[in-house]
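Fold and contact review
Each chain, written out:
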Amino acid sequence: MTTTLRPTTPERHTDDGGRARSYEVCVNSRPVGSVRLTTDARMGPSVGRIEHLHIDTADRHRGRGTVAALAAEEVLRGWRCTRLVVSVPAQAATALGLAAALGYRERGRNMVKPLAEPPELPPGSAIRAMGETDYPAWHAHEQARYVVSVLKSGLTREQAQTKADTDYARLLPHGLATPGTVLRVLAHGDTDVGTLWIALRAGEPDAQERGEAFVYSVEVAEEHRGRGHGRTLMLAAERDSVAAGARTLGLHVFGGNTPALRLYESLGYEAVEYHLIKELL
């Protein structure tokens, strides 16, 4: 039997070089599913994305999904994509197994924790609002740190810098005054030891799945690490989120960041979505 992809829509192009198209998955010309391919809006036209892949129930467990995914890779190579990304819900065990078998690696994961009562902070720790004098240095440092994290996804430095510029302009258009933004500084004793950035996301399309509040950044200064301040910042994030009426708190952790992952798991966060990447050789 021959499995092929048959276009169902015209190919769509964007001014920045992006492309998108939908296909039927066919076996001997018989439709058995569907797939939608795009280039990644944030990473640029050299990174392809399988946005949707579905095989009809009656045709599952026959290798149709595997062949469809491989056919999608060929389409994206034809688009001159050098990498392929997918996002898979944590409960989709079959899809995660397929991705692993096809050579995808974890780029990161989204995690969420239900919120209840605001936790107490450890003695000696205090949280204050970030001030105008703190913000410029924090912003520059935070964006540079983000570039380093994104480079681990396989982007070039130029692509990573462009992504950082775009994302920070979108997320913090008005700096400290950006609506729904919470920026905090953690002090222990008389010394500032870390910072916290939360976005309040109630009403956004994916807020229920990824958290009504979302931790964009939590960082402890290098010389103060290993003393529990990261945990304190996460507890402070819960306090601010509960005070704002959020019932869930979400975050993203990059693949390979084992210390952060262990911290979040110990605090009760669970994975809800995995972001995977594959090199297209």
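Summarised in this report is the structure supplied together with it. (Residues numbered from 1 in each chain as written. Predicted model: local features only at pLDDT ≥ 70, side-chain atom pairs only at ≥ 80, totals over all residues. Heavy atoms only, no water.)

1. Concerning the overall build of the chain
Definition in use: Helix and strand assignments follow DSSP, with helices taken as H or I runs no shorter than four residues and strands as E runs no shorter than two, numbered in order from the N terminus. Exposure is judged per residue with a 1.4 Å probe applied to protein chains only, and the accessible area is read against the type maximum: over 50% gives exposed, under 20% gives buried, and values in between give partly exposed. As used throughout, the charge tally considers Lys and Arg to be positive and Asp and Glu to be negative, leaving His and the chain termini uncounted. To locate a charge, take NZ of a lysine, CZ of an arginine, CG of an aspartate or CD of a glutamate.
Check the secondary structure of the chain and you find seven helices and 13 strands. Every one of the 281 residues in the chain was classed for burial, and the buried ones make up 45%. A distance of 6 Å separates the average location of the 34 positive side-chain charges in the chain from that of its 34 negative side-chain charges.

2. Remarks on helix 3 (residues 135-151)
Put simply, the rule is: Expected helix span is given by 1.5 Å per residue-to-residue step, counting one fewer step than there are residues. For this quantity, the arc is that covered by the directions from the helix axis to the C-beta atoms. Contact between two residues is taken to exist if any of their heavy atoms lie within 4.5 Å; hydrogens are not considered.
A rise of 1.5 Å per residue sets the reference length of helix 3, with its 17 residues, at 24 Å; its end C-alpha atoms lie 24 Å apart and thus fit the reference within 8%. For helix 3, every residue scored as buried is listed here: Tyr-135, Trp-138, Glu-142, Gln-143, Val-147, Ser-149 and Val-150. Projected onto a plane normal to the axis of helix 3, the buried residues spread over an arc of 170° and lie on a single side. Set apart from the buried face of helix 3 by more than 90 degrees, the exposed residues are Pro-136 and Ala-137. Here the buried face of helix 3 lies against helix 4 (157-171), strand 9 (181-188), strand 10 (191-200), strand 11 (213-220) and strand 12 (248-254).

3. Here we look at the pairing of strand 4 (residues 30-40)
Our working definition: Pairing between two strands requires that DSSP report at least two bridges joining them.
Note that strand 3 (residues 19-27) and strand 4 share eight bridges and pair antiparallel. Counted as the bridge partner of Glu-24 is Ser-34 from strand 4. What sits between strand 3 and strand 4 in their antiparallel hairpin is a turn of two residues, with Asn-28 showing a positive phi close to 50°. Pairing of strand 4 with strand 5 (residues 44-55) involves eight bridges; the strand directions are antiparallel. From the neighbouring strand, Val-35 faces strand 5, where its bridge partner is Leu-53. Between strand 4 and strand 5, which follow one another and run antiparallel, lie three residues.

4. Looking at unusual backbone geometry
At Asn-28, a position not held by glycine, the phi torsion is positive, near 50°. Inspection of the secondary structure puts Asn-28 in the loop between strand 3 and strand 4. At Ser-29, a residue that is not glycine, the phi angle is positive and equals roughly 75°. Note that Ser-29 resides in the loop between strand 3 and strand 4.

5. Here's the deal with the packing of aromatic side chains
Let me state the cut-off plainly: Aromatic pairs are defined between Phe, Tyr and Trp rings, using the six-membered ring for Trp, whenever the two ring centres lie within 6.5 Å; interplanar angles under 30 degrees are classed as stacked, those over 60 as edge-to-face, and all others as tilted.
Applying the stated rule across the entire model yields seven aromatic pairs. Centre to centre, the rings of Tyr-135 and Trp-138 are 5.7 Å apart; their planes meet at 40°, and the pair counts as tilted. Separated by three residues within a single helix, Tyr-135 and Trp-138 lie in helix 3, roughly one turn from each other. What makes Trp-138 buried here is its relative accessible area of 7%. On the basis of an interplanar angle of 65° and a centroid distance of 6.0 Å, the ring pair of Tyr-264 and Tyr-269 is categorised as edge-to-face. Overall, the relative accessible area of 8% leaves Tyr-264 in the buried class. In this structure an aromatic cluster arises from ring pairing among Tyr-135, Trp-138, Tyr-146, Tyr-168, Trp-197, Phe-214 and Tyr-216.

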